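# Fold and contact review
Letter by letter, the chains look like this.
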Amino acid sequence: MDERVARIVKNLSTWEELRQFEANAKRMGRLTDEMTIAIQVRATELGLALIAEKTGLQVTNLTPVQQKIVTVVSEYVGIMRQQGRHPGRTLEQLRNRGLIDAAEAAVCRATPTRGFEVLRDADLEDLSYEQIVMDHPDEFSPRALWFAKRTLGYPNTSETAPVEKYGDTQTRTATLLNWLKEQAAANSGYIPTFTNADAAHVMGMDDMQRFGQVHGNIQSRIDYACFLCNLPPLGCAADAPFSRAWGQQGRDWAFPVDQMQAAAHIRVWLPADFDQVLRETERLPGQAHLVWKEIFANDEAQIKTWALSFGEIAAPTRAVDAGVKRNPPWTRDELILALNLYLHHRASPPGKDSPEVAELSSILNDMGRVLGLGDADTYRNPNGVYMKMMNFRRFDPEYTNDGKVGLTRGNKDEEVVWEEFAGDPSRLATVCAAIKSVILEHATDAELSGAGEPDIAEADEGRILTRLHRVRERSRKLVEQAKVAALKKHGRLFCEACGFDFREKYGVAGEGLIDVHHTKPVHTLAEGDKTRLEDLALLCSNCHRVVHSSRRWLTVEQVSALVRQRDR
């Protein structure tokens, strides 16, 4: 083809002009292979310009796979326009989805697209979306690869297409796996025991009657992915598997469920484990029963080997037996602060990434250091704080009256704290303010750390205020002031509850012996307040122990009444 003809083709600016030029050349018997190629190249160039104009996409500086997609669309647009047709749907998909997602959506169809058929008829099948997916599988979902193979006539390992990546099933699957990943990361790699209701709540499916089967299917998909990864089934990390899971169903062997649960509990789960399981779920169909049925039909021995590999694990074995340091149970102080945060946002609790949850996490970690309970970054991280706050929902009538259940995992102390404080917001606010004040004041010293005292019950308001109360009672300065005042007033030291006098009972050996009790409620012990002598009472060691013997501490008057009642 001479340069003059090449310039003519290059300067043709519409598909109509290209069609007319091609028709004239053919009529005159001058249409050569070179000219046909030049016409196709120019049609592709015009298609590229149309893509940029109609979609707003950048068609320069593209990755190799994006460049291939643009080339395919340009070829297709050129062919369609030369046929007098407008590829409006293709351009709309590009505009709405972008290059790769548009190709993904076009490939994942029950029947080949019109675009594929047009390119195939033009002997350009190698430029199709399907071939691009085959050449670049890492850029597309397993579902797209499955459909591309089927359309191009290649075999698939499964008869059923993988799940939609952004559909409800896979989205919920990813949500549950990410939650379990966070739970393990916050607990030294061990998954804390959870209920199926907890997991359902995480996925936004609180109504188990409505979503129970959906949840069971998602968990079953995850467990199958665990099998593919040779990992313990994550469903067995719950306090109890679904009732229909792991049934024997006429086989001559049974799943060792107790051992499978033990394996899930004692494993140190790594982030990479959850990522691997997630990738495998993306390759599975939406319905778990299809893959389980297929593996039992074709390779039951493989499933049996996997399941029975957990048979040597002793069911009672737990992470704590392996000497791993785990976070201690939540103290009453921590529960009180978590309840306060929940009640402040009762209608719409803040999320785990919210500033409010992050702030409480920081306060609780400071408290852990003050009390000597924990100083690791995972002691009370935001995810754990959020979950503990949401545990209170199961006691909240404003939430449960609509038939919802909230998170069920927790302990009895949560219910006790709810009963004591939820109906008394004024007292709750005062206690929380006192707790935070003490944490701030003692954040850098160990005055309140250490083990609890024998026979001294923790007060309603929690451990840190109890310890502050006891520190003040043991203050040498306060003790001496109280004794001097009593000697000045009475001429001797005696118990204000029972009248016991150490000097009278033991002689010189008992001289000056007496306990000092701080009578003010612990939540009123705000930092900076000065203790007055009238806030102190002298008690014998026995009566002092009785005062502190129960969570709701007795008053001096109540102990005195008990003594009088016994003396009758």
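Residues numbered from 1 in each chain as written. Predicted model: local features only at pLDDT ≥ 70, side-chain atom pairs only at ≥ 80, totals over all residues. Heavy atoms only, no water.

So, about the overall build of the chain. What the chain contains, in helices and strands, is 26 helices and 2 strands. By the burial criterion, 46% of the 568 residues in the chain qualify as buried. Taking as baseline every contact in the chain between residues at least 6 positions apart, the subset at least 24 positions apart corresponds to 68%. When the accessible surface of the chain is split by element, carbon and sulfur atoms take 48% of a total near 29,200 Å². (Helix = DSSP H or I, 4+ residues; strand = E, 2+ residues; numbered from the N terminus. Buried < 20%, exposed > 50% of the residue type's maximum accessible area, 1.4 Å probe, protein only. Contact = heavy atoms within 4.5 Å. Areas by Shrake-Rupley, 256 points an atom, 1.4 Å probe, with all protein chains shown as cover.)

In a structure, side chains of opposite charge can pair up when their charged atoms sit close to one another. Inspection of every chain in the model, using the stated rule, returns 12 salt bridges. In this structure, Arg283 and Glu280 form a salt bridge, with 3.7 Å as the shortest nitrogen-oxygen distance. A salt bridge links Glu334 to Arg380, with the shortest nitrogen-to-oxygen separation between them at 3.0 Å. You can see Glu334 sitting in helix H16 (residues 332-344) and its partner Arg380 sitting in the loop between helix H17 (355-371) and helix H18 (382-391), a full 46 residues away along the chain. (Salt bridge = Lys/Arg side-chain N within 4 Å of Asp/Glu carboxyl O.)

Model confidence for the chain is summarised by a mean pLDDT of 82, while 87% of its residues fall at 70 or above. Note on residues 314-325: pLDDT is under 50 here. Beyond four places in sequence and across chains, it has 17 contacts. (pLDDT = per-residue confidence, 0-100.)

A separate point is the nonpolar core. Among the nonpolar cores identified, the biggest contains 78 residues, and Ile191, Leu234 and Trp306 are the most heavily contacted of them. With 43 residues, the next largest nonpolar core counts Leu50, Ile69, Val118 and Tyr129 among its residues. (Core = buried A, V, L, I, M, F, W, Y, C linked by side-chain atoms within 4.5 Å.)

Turning to the side chain of Asn217, a few remarks are in order. Relative to the helices and strands, Asn217 resides in helix H12 (residues 208-228). Every residue in contact with Asn217, bar those within four places of it in the chain, is listed here: Thr169, Gly286, Gln287 and Ala288.

A complete count under the given rule lists 19 aromatic pairs for this structure. Aromatic side chains Phe255 and Phe296 sit 6.5 Å apart centroid to centroid with 85° between the ring planes, which places their arrangement in the edge-to-face category. Of this pair, Phe255 sits in the loop between H12 and helix H13 (257-266) while Phe296 sits in helix H15 (residues 288-308); the two residues are 41 residues apart in sequence, bridging distant segments of the chain. Aromatic ring contacts, followed pair by pair, group Tyr224, Phe227, Trp246, Trp253, Phe255, Trp292, Phe296, Trp306 and Phe310 into a single cluster. In this structure, Arg251 is placed above the aromatic ring of Trp253, and the distance from its NZ or CZ to the ring centre is 5.2 Å. (Phe/Tyr/Trp six-rings, centres within 6.5 Å; stacked < 30°, edge-to-face > 60°. Lys NZ or Arg CZ within 6 Å of the ring centre and 35° of its normal.)

Below, the discussion takes up unusual backbone geometry. In terms of backbone geometry, most residues other than glycine have negative phi values and most peptide bonds are trans. Even without a glycine there, the phi angle at Ser188 is positive, about 60°. By the secondary structure assignment, Ser188 is in the loop between helix H10 (168-185) and helix H11 (196-202). Relative accessible area serves as the criterion here: at 39%, Ser188 is assigned to the partly exposed category. One non-glycine residue with positive phi stands out, namely Trp246, at about 60°. On the secondary structure map, Trp246 appears in the loop between H12 and H13.

Right, let's talk about the pairing of strand E2 (residues 536-539) for a bit. Here E2 shows two buried faces, one formed by Leu536 and Leu538 and the other by Ala537 and Leu539. Pairing of strand E1 (residues 515-518) with E2, which is carried by 4 bridges, proceeds in the antiparallel orientation. Each bridged residue has a counterpart across the sheet, and for His517 the counterpart in E2 is Ala537. (Pairing = 2+ DSSP bridges.)

Estimated volume of the largest pocket: approximately 840 Å³. At the level of secondary structure, the elements contributing two or more residues to the lining of the largest pocket comprise H12 and H15. Considered class by class, the residues forming the lining of the largest pocket number 9 nonpolar, 13 polar and 4 charged. (1 Å grid on protein atoms, 1.4 Å probe; cavity = no way out; pocket = protein on both sides within 12 Å on 5 of 7 lines; lining within 4 Å. Points joined across faces, edges and corners; volume = space filled by probe spheres on them. Nonpolar A, V, L, I, M, F, W, Y, C, P; charged D, E, K, R; others polar.)

So, on to helix H3 (residues 33-55). Compared with the 33 Å implied by 1.5 Å per residue over 23 residues, the 33 Å span of H3 between its first and last C-alpha is a close match. Buried within H3 are the following residues: Met35, Ala38, Ile39, Arg42, Ala43, Thr44, Leu46, Gly47, Leu50, Ile51 and Thr55. Note on H3: the residue one or two positions beyond its end, Gly56, has a positive phi of about 75°. (Expected span 1.5 Å × (residues − 1).)

With that settled, the discussion passes to the environment of Arg472. Here Arg472 shows up in helix H22 (residues 463-473). Residue classification places Arg472 among the buried positions, given a relative accessible area of 14%. It is 9.4 Å that separates the C-alpha atoms of Arg472 and Val516, two residues lying 44 residues apart in sequence.

This paragraph deals with the side chain of His136. Tracing the backbone shows His136 in the loop between helix H8 (129-135) and helix H9 (142-152). A distance of 3.2 Å separates a polar atom in the side chain of His136 from a polar atom in the side chain of Lys68. Those residues within four positions of His136 in sequence are excluded, and the remaining contacts are Val65 and Lys68. (Polar contact = N/O pair within 3.5 Å; in protein donor to acceptor, adjacent residues only side chain to side chain.)

Attention now moves to the packing of H16 against H17. Contact pair H16 / H17: the axes reach a minimum separation of 11 Å and the direction vectors enclose 165°. Classed by the angle they form, the pair H16 and H17 counts as roughly antiparallel. Where H16 crosses over H17, the two elements pack in a sense that is right-handed. Counted together, Asp333, Glu334, Leu337, Ala338 and Leu341 of H16 and Glu356, Val357, Leu360, Ile363, Leu364 and Met367 of H17 form the full contact between these two elements. Residue classes in the contact of H16 with H17 are distributed as 8 nonpolar, no polar and 3 charged. (Axes fitted to C-alpha atoms, helices over the stretch in contact; angles between N-to-C directions. Parallel < 35°, antiparallel > 145°, perpendicular 65-115°, else oblique. Left-handed = near helix turned anticlockwise from the far one by under 90°.)

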